[in-house]
Amino acid sequence: MEHETGGLRGRWHRASPGRRLTGLAVALLVATALVTVLGVASQPVYPEWSDDDELLDDLRLAPTSELWSTDLATLAEPGLPAGCRGFRAAGRIDDDALVTSTATAYDGCESPVALLARIDPTTGEVRWVLDLTSRLDEAGSYLNVVVDDDGSRGTVIGQTSLASRVLRVDLDTGTVLGDVIGPADDPTAPIEQAVGISRGRLLVALQPPERVTDDGQGLEYDSGEATPYRLIDLDDPDRSIWSGELGVYGNPFLLGSFLVVEAESQGDPTVVDTETGEAHPVPGDIGVLENAGAVDDLLVVTVTTRDGDREAVALDRSGDRVWTTPLALDGQVTVTDDCVLVTDPPSTFRCLEASDGGERWQRRVTLDEGYSAQIDSYQQLIGGSAVVVHLDSREAGSADLEGEDPATILGLSPLTGATTFSAEVPSQAFLTGLSRTVGFASSYIGQDFSQTIMTAFDLSDGRTLWQERSPSRGTLDLWAGTLVSVDAEGVAHGLRTRAEVVPPTADDATPPLG
């Protein structure tokens, strides 16, 4: 080889000027081709999201400073007491964050608090604040908000150990529109419990007052008793769309435009169209309804027949079967917008077409010893079209930063089942958001789970881009796309983050997910 190289070098020196120029041009072309090829090969490949995906900003660089700070504890009069100053993001309205108080996140909170606020997360400006403490009393300590699809109104749900309080709120102005479930002033009246909400409908259980235990903190049931239920319109709560009774151990499901009610004794379950209130029996010798999910105009239920067989059954609004597929004894079903996912433990996943139950793909994920795999049941809230799988150690406790028992978050293409992203994150971390090139995962740390940590990772190679801890006994979350921490005193801090310029996805990138 040395001889050949030397010969080439010698020929170069002896070549004529014209041949030297020709050789130089060829060398430049080869070098350019190598640079081009190597550049494409080394260019990061990211998922190609669909236009419908609600993605976050590409926050690839760690927070460097504070944008703003707002003392949320002073929004109440005369101010929130110590130990009751937690806040969390409960939804998004345009570019604003809807924020609620979370007194139960801290030790020592003995006073009811119930604050709801709309905040511009880029400046910390409070658009409005609604103090519901006196109206909800103890029910305000467990506060949830469900935002209507158009973002103009919201349903505020508070809960005591027995009863629910439900309000409708105008989210543009922060005013209460009225009670859906009012205060329980009459001790002889049924105790109203909100057990489901979907598309402007609320399912309410009416518990007889004689079931209340002597200490007033729970309910006692006798075998064979039934509980009355009402399905009501949130904006016209006096109107019952449907009413009926269900055994005390039955579980109704309110999903999309469907209400599913289990059968009494040897009867058939019933599917109720929540728009019309029409009820339709579901034939097929179904013994137990285990869970359900809705996609478009189909309801997919997991059932056990009276012969002991397990099935996934798709129903239309009339209760007619569209398709049925058998399930293993430990198989699980998760319904997403992209496909109906069947998990066959320990780590095999099947994607079924929602329209006919046909298998689109099957994928087995390799597991390390002591690890389990499961579909993220909350992935519909993440904003990107991906089948999200968590690989967690069965022995893992609260998350740590030393890498002990790390978890893995996998993103699978709903079209093919191929891996679109994979990242190692702290144990028991869960995916909280996606951007074009970044995934965000959160986890609780510490023996008392009193802190959170957010991990940002690259969707191309899975490397960790940055990690940020919450304040002690505080929270760290994305408020409508802005990273915000809240300390134990109730002061919110908007953190300054910026995007790093990333090359566009290569031509041979992962196929579109949506």
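Just above sits the structure.
Residues numbered from 1 in each chain as written. Predicted model: local features only at pLDDT ≥ 70, side-chain atom pairs only at ≥ 80, totals over all residues. Heavy atoms only, no water.

So, the packing of aromatic side chains
Step number 1: Inspection of every chain in the model, using the stated rule, returns three aromatic pairs.
Step number 2: Look at Phe 421 and Phe 457: their rings are 6.3 Å apart centre to centre, the planes differ by 40°, and that puts the pair in the tilted class. With Phe 421 in strand E29 (residues 419-425) and Phe 457 in strand E32 (residues 451-458), this residue pair connects regions lying 36 residues apart in the sequence. A single burial state applies to Phe 421 and to Phe 457, both of which are buried.
Step number 3: With centroids separated by 6.2 Å and ring planes inclined at 40°, the aromatic side chains of Phe 430 and Tyr 444 adopt a geometry described as tilted. Taken together, the residues span a long stretch of sequence, with Phe 430 in strand E30 (residues 430-434) and Tyr 444 in strand E31 (residues 438-445) at a distance of 14 residues.
Step number 4: Phe 430 gets classed as partly exposed once you look at its relative accessible area, which sits at 33%.
Step number 5: Here Tyr 444 falls in the partly exposed class, since its relative accessible area comes to 44%. (Phe/Tyr/Trp six-rings, centres within 6.5 Å; stacked < 30°, edge-to-face > 60°. Helix = DSSP H or I, 4+ residues; strand = E, 2+ residues; numbered from the N terminus. Buried < 20%, exposed > 50% of the residue type's maximum accessible area, 1.4 Å probe, protein only.)

A closer look at the layout of surface pockets
Step number 1: If you add up the space inside the second largest pocket, you get close to 420 Å³.
Step number 2: Lining the second largest pocket are 23 residues, with Ala 163, Gly 182, Pro 183, Ala 184 and Asp 185 positioned closest to its centre.
Step number 3: Broken down by class, the residue content of the lining of the second largest pocket amounts to 13 nonpolar, three polar and seven charged. (1 Å grid on protein atoms, 1.4 Å probe; cavity = no way out; pocket = protein on both sides within 12 Å on 5 of 7 lines; lining within 4 Å. Points joined across faces, edges and corners; volume = space filled by probe spheres on them. Nonpolar A, V, L, I, M, F, W, Y, C, P; charged D, E, K, R; others polar.)

Points about the sheet that holds strand E10 (residues 191-198)
Step number 1: Pairing is antiparallel across the open sheet formed by four strands, whose spatial order is E10-E11-E12-E13. The sheet is open, and its two borders are formed by E10 and strand E13 (236-247), each paired with just one other strand. Each neighbouring strand pair of the sheet contributes to a mean axis angle of 25°, computed without reference to strand direction.
Step number 2: The sheet contact formed by strand E11 (residues 201-207) and strand E12 (residues 226-233) spans five bridges and is antiparallel. (Pairing = 2+ DSSP bridges. Axes fitted to C-alpha atoms, helices over the stretch in contact; angles between N-to-C directions.)

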